Amino acid sequence: MRKLIQFKNIVKDFDGTLVLKGINLDIYENEFVTLLGPSGCGKTTLLRILGGFLEQTQGEVMFDQIEISKVPPYKREINTVFQRYALFPHMDVFDNIAFGLRIKKQSEEIIKQKVTKMLKLVGLEGYDHRAVTLLSGGQQQRVAIARALVNEPMVLLLDEPLGALDLKLRKEMQLELKKIQKEVGITFIYVTHDQEEALTMSDKIVVLNEGEIQQIGTPTDIYNEPENRFVADFIGESNILEGIMIDDYRVYFDDKEFECVDYGFNDNEEVDIVIRPEDLDIVPLDMGKLTGTVVSSLFKGVHYEIVVKTQDRHMIIHTTDDATVDQEVGLHFFPEDIHVMSKLGAY
Amino acid sequence: MVGIKKSRWLPVVVVGTILLFFYLPILILMIFSFNDSRSLTVWAGFSTQWYTQLFRSRDMMEAVMTSVSVALISTLISTFVGTLAAIGLSKSRKVVKEVVLQVNSLPILNPEIVTAIGFMLLFSAFTIQRGYTTMLLAHIAFSIPYVILSILPKLRLLDPNLAEAALDLGATPWQALIKVIVPQILPGIVSGALIAFTMSFDDFVISYFVTGNGVKNISILVYTMSRRINPTINALSTILVAIITIALVLINVLPMMKKKEKVSYE
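The structure displayed is predicted, hence computed values, not measured ones. (Residues numbered from 1 in each chain as written. Chains lettered and ligands numbered in written order. Predicted model: local features only at pLDDT ≥ 70, side-chain atom pairs only at ≥ 80, totals over all residues. Heavy atoms only, no water.)

A separate point is unusual backbone geometry. The bulk of non-glycine residues show a negative phi, and the bulk of peptide bonds are trans. Located in the positive-phi region is N9 of chain A, a residue other than glycine, with phi close to 50 degrees. Inspection of the secondary structure puts N9 of chain A in strand β1 (residues 3-14). (Helix = DSSP H or I, 4+ residues; strand = E, 2+ residues; numbered from the N terminus.)

In this section: the confidence of the model for chain B. Scored by pLDDT, chain B has a mean of 86; 94% of the residues are at 70 or more. For this predicted complex, the interface confidence score (ipTM) comes to 0.80, while the overall pTM stands at 0.77. (pLDDT = per-residue confidence, 0-100.)

Each aromatic ring pair is summarised here by two numbers: the centre-to-centre distance and the angle between the ring planes. Counted according to the given criterion, the structure contains 19 aromatic pairs over all chains. Note on F253 of chain A and F258 of chain A: the rings are 4.4 Å apart at their centroids and 20 degrees apart in plane angle, and the pair reads as stacked. Residue F253 of chain A shares its accessibility class with F258 of chain A, and that shared class is buried. Residues Y208 of chain B and Y223 of chain B carry aromatic rings whose centres are separated by 5.5 Å and whose planes lie at 75 degrees to one another, so their mutual orientation is edge-to-face. Residue Y208 of chain B is located in helix α9 (residues 205-210), and its partner Y223 of chain B is located in helix α10 (residues 218-225); the two are separated by 15 residues in the primary sequence. Looking at Y223 of chain B, the relative accessible area reads 46%, which means it is partly exposed. Among the aromatic side chains, those forming a connected cluster through ring pairs are F204, Y208, F209 and Y223 of chain B. Positioned over the ring face of F88 of chain A is R147 of chain A, at 4.7 Å from the centre of the ring. (Phe/Tyr/Trp six-rings, centres within 6.5 Å; stacked < 30°, edge-to-face > 60°. Buried < 20%, exposed > 50% of the residue type's maximum accessible area, 1.4 Å probe, protein only. Lys NZ or Arg CZ within 6 Å of the ring centre and 35° of its normal.)

All right, on to the sheet that holds β1 of chain A then. Within a sheet, adjacent strands bond to each other through the backbone by hydrogen bonds, running parallel or antiparallel. Residue and element names in this part refer to chain A. Pairing in this open sheet of four strands is antiparallel, and the strands run β2-β1-β4-β5 from one edge to the other. Of all the strands in the sheet, the pair left with one neighbour each is β2 (17-28) and β5 (66-67). Taken together, the two bridges between strand β4 (residues 58-63) and β5 define a ladder with antiparallel strand orientation. Across the sheet, residue F63 finds its bridge partner in β5, namely I66. Here helix α1 (residues 43-51) sits on the sheet in contact with β1, β2 and β4, set at roughly 120 degrees to β1. (Pairing = 2+ DSSP bridges. Contact = heavy atoms within 4.5 Å. Axes fitted to C-alpha atoms, helices over the stretch in contact; angles between N-to-C directions.)

Residues and elements named next belong to chain A. Strands sit in the order β15-β19-β16-β17-β18 across an open sheet of five strands; the sheet is antiparallel. In the strand order of this sheet, the two ends are held by β15 (281-283) and β18 (314-319), each with one partner. Strand-to-strand twist in this sheet, taken as the mean axis angle between neighbours without regard to direction, amounts to 50 degrees. Here three bridges tie β15 to strand β19 (residues 328-332), and the two strands are oriented antiparallel to one another. What sits directly across from I282, in β19, is L331.

All right, on to the side chain of T187 of chain A then. Residues and elements named next belong to chain A. The topology assignment puts T187 in strand β8 (residues 187-192). For T187, a relative accessible area of 1% puts it in the buried group. Only 3.1 Å separates the side chain of T187 from the backbone oxygen of Y28, close enough to count as a polar contact. With sequence-adjacent residues up to four places away left out, T187 is seen in contact with L4, I27, Y28, E29, N30, E31, M154, V155 and L156. (Polar contact = N/O pair within 3.5 Å; in protein donor to acceptor, adjacent residues only side chain to side chain.)

The next thing to look at is the pairing of strand β12 (residues 250-253) of chain A. All names here are of chain A. Because side chains alternate across β12, one face comprises the buried residues V251 and F253, and the other comprises R250 and Y252, none of which is buried. Alignment of β12 against strand β13 (residues 256-259), held across four bridges, turns out to be antiparallel. Paired with F253 across the strands is K256, a residue of β13. The turn linking β12 back onto β13 is made up of two residues, and D254 within it adopts a positive phi angle of 50 degrees.

On to the interface of chain B and chain A. Contact residues are listed per partner, giving 18 residues for chain B and 22 residues for chain A. Roughly 1700 Å² of surface becomes buried between chain B and chain A when both sides are summed, with 64% attributable to carbon and sulfur atoms. By the criterion of area lost to chain A, the three top residues of chain B are E164, D168 and L169 of chain B, representing 39% of everything that side buries. Linking chain B with chain A are one salt bridge. Between E164 of chain B and R48 of chain A there is a salt bridge, and its shortest N-O distance comes to 2.8 Å. Counting across the chain B and chain A interface gives five residue pairs in polar contact (both at pLDDT 80 or more). (Buried area = accessible area lost by both parts, 1.4 Å probe. Salt bridge = Lys/Arg side-chain N within 4 Å of Asp/Glu carboxyl O.)

All right, on to the domain arrangement of chain A then. Residues and elements named next belong to chain A. The domain boundaries assigned to chain A delineate domain 1 (3-229) and domain 2 (237-342). Domain 1 and domain 2 are separated by 39 Å when their C-alpha centres are compared. Each partner contributes to the interface: domain 1 provides eight residues, whereas domain 2 provides eight residues. Overall, the association of domain 1 and domain 2 removes approximately 710 Å² of surface from exposure, summing both partners, and the carbon and sulfur fraction of that is 43%. Across the contact surface, domain 1 and domain 2 share two salt bridges. Residues D272 and R229 are paired through a salt bridge, measuring 3.1 Å at the closest nitrogen-oxygen approach. Counting across the domain 1 and domain 2 interface gives five residue pairs in polar contact (both at pLDDT 80 or more). Considering each element in turn, the side of domain 1 that touches domain 2 owes the most residues, three residues, to helix α7 (residues 219-224). Of the residues in the side of domain 1 that touches domain 2, the class split is three nonpolar, two polar and three charged. (Domains from an automatic or database assignment. Nonpolar A, V, L, I, M, F, W, Y, C, P; charged D, E, K, R; others polar.)

What follows concerns helix α8 (residues 173-202) of chain B. Taking 1.5 Å of rise per residue, the 30 residues of α8 of chain B would be expected to cover 44 Å, yet its terminal C-alpha atoms sit only 37 Å apart, more than 12% below that figure. If you look at α8 of chain B, its biggest bend is around 60 degrees, right at L186 of chain B, and the proline P187 of chain B turns up within four residues after that. (Expected span 1.5 Å × (residues − 1). Bend = angle between axes of the 7 residues up to and from the residue.)

Okay, here's the thing in structure tokens:
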């Protein structure tokens, strides 16, 4: 695949606050890339730099091998779906979608064809002459996507586009967006703070925090092999413990030594350890690798969320079997359930 | 507590009196524009002689032309400048915006006579010959603050992403302004233009101080005539009232008719 966009050491300074601290990122053709992070992590700033609405303080943005920092937004082959859609209220659905084509002075005949095709793609056939102000949030969303895609950009930027929709509609739109991306076959760069959304849709996730990239990887990489404490904590629920790596495949925490599958650390290096709640099992007292007392049990639908107080901490466990509060239990896990992370690069 | 008791007649009497105070003077003025004598108080029969005189009087017609053309040109220019200024201000840093807005509202709060003398001194300091051009310049200047003030609230309601969306879709900044921003703030621009027109058409104090060379608008002409006033003034006023009434009716009735059309169309 061809490298389409390269961020080279992007730094952005807003009146003395560093919002981006040297971002290096390559984005390929045809990828669904998600910039994921908490609010204020710089993800939207990075997107706006790519869209041409902000200029970086330092660094280069390469688009198709050409540096584009000085190119104004209206000359970039990039279109954006804005957070609150930013549809033009004085135009109907058709005129909104046709806006970009009319600016390019295409013939009305071609415009009609393209807009009709787009309306079909986003499932709004027959809505041509509705007022956009009378559409529901989900429909406005679709118009915004059609308005951007009709220009046949090489890259589509989406700035938390599903934020204003309710949960059910959001899930529907997630699948639909993924489908649309496959159909039009262009690069989507998606900004969100919702980790589940990122895991569902992306080919590649870029986790950002405080203006720095924490990890780049596929959804499975990010979930199963978080590189540091921040990523582990941000993506899904986790039990994060501190320990010492005694030797390859041997880790020490909570006054005990455990077998694990990690290696390549210094001897006796201090490390962070993640054990996902769904990897922990409640077993009879004598069979557990750790023991403790059940503090609480919450029914969550698919599973119970059980909190067990061990000698050193509270552990969260997701299991389909209920446990009684105040019961003494053992906790079991396999060596591959222990995930060891270097403290370097942690926040 | 008898007065508090619900009375059917009290509201009618109060509103009736208020309306009478508003409209009786205008009504009398209109009636006497058709008077057959020079008197402004004694009715001597119907005639249209004052209308004929009005259209024959060069002074009167020139004053009307001056008032109308100054009002039109100053409205056009001040609306254009004020719109751009308001859009610029809405994108400015907060400090700049607040300072400029304070400066902007100064001429509005200032007594008109102070502004008028200020203009007069300015023009004489630069030894500019006073006349039509100076009057026009002054009218443009005092109208701009009103235009800015009537557009800014509309801009505040505008989604900041709209302009960006237009740029994103390939529009140049100028196209984004014309195709997206201006249609959104059009109600503000129209009301700004109407205020500017009225302010200019009405103005006496500032016009009186900045004009020269015999250039008079309607208010100045009426003022200079007030010693030997005659019913041509009534005739002129009647025509103005008629024009304003027709304009108001059109402004209020047309949108209603449009709405009805739309409803029946749907």
